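Residue strings, one per chain:
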Amino acid sequence: MSNPMHPKAGDKIIDVSDIELKDITPEHIGKLTKMRDGHDAAIMNLLDADPAARKRAGLSEIEVEELGALWAKYQRIEEVLPAAEKLAELLHETRLLHGHAIGAKLGEMANQIRRRADRVDNGAEVVGPFDALLAYQFAPAQKAAATREKTKAGPGEEAEVTG
């Protein structure tokens, strides 16, 4: 079973408080060196090499230790990244579903307001408090109708648009 420090894809709690996160610009990203396939074998080759062999090669033990620390941080990010990406995907999809449900409810409510306003003598009083809702809900249809009228009028003619 996973825990927040070692999450699996689909977990809702991810603890990356041990990772110092950085925020860089897209321009900076383009200038970074990209690791290629085989990087893990190259890193392990350096880390596992005999200290005497590293010394003969002129490698600094401090730099080898720094490489080891960076590699450990990189591996930690690799461990949590799939779970974080899946969590972001789930959040995005859930937001889309809620947006869909909200849109459907707004449509139902706007149509109810219009139906009620059409049936009563004081229809303007019914729709008045809901200007923003009605404008939001029916703007695409009004725009489409205006476009159809403009297309019907033909080139060079102005269509009378009512709104």
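Cut-offs used in this document
- Residues numbered from 1 in each chain as written.
- Predicted model: local features only at pLDDT ≥ 70, side-chain atom pairs only at ≥ 80, totals over all residues.
- Heavy atoms only, no water.
- pLDDT = per-residue confidence, 0-100.
- Helix = DSSP H or I, 4+ residues; strand = E, 2+ residues; numbered from the N terminus.
- Core = buried A, V, L, I, M, F, W, Y, C linked by side-chain atoms within 4.5 Å.
- Buried < 20%, exposed > 50% of the residue type's maximum accessible area, 1.4 Å probe, protein only.
- Contact = heavy atoms within 4.5 Å.

Novice: Explain the confidence of the model for the chain to me, and be specific about the residues and the numbers.
Specialist: Looking at the chain, pLDDT values average 91 and 93% of them are 70 or higher. Mean pLDDT in the chain bottoms out at helix α6 (residues 131–153), which sits at 87, and peaks at helix α2 (residues 39–48), which reaches 97.

Novice: Summarise the nonpolar core; cite the residues concerned and give the values.
Specialist: Core analysis: the largest hydrophobic core is formed by five residues, namely Ala110, Ile113, Leu133, Leu134 and Phe138. When residues of this core are traced back to their parent elements, those giving at least two are α4 (61–119) and α6. No other element matches α6, which puts three residues into this core. The residues touching alanine 110, leaving out its near neighbours within four places in the chain, are Leu133, Leu134, Gln137 and Phe138.

Novice: Hey, could you go over the environment of glycine 10 for me, with residue numbers and the actual values?
Specialist: Assignment of secondary structure puts glycine 10 in the segment before α1 (26–31). Note on glycine 10: relative accessible area 36%, which makes it partly exposed. Those residues in contact with glycine 10 that lie beyond four places of it in its chain are Lys86 and Leu90.

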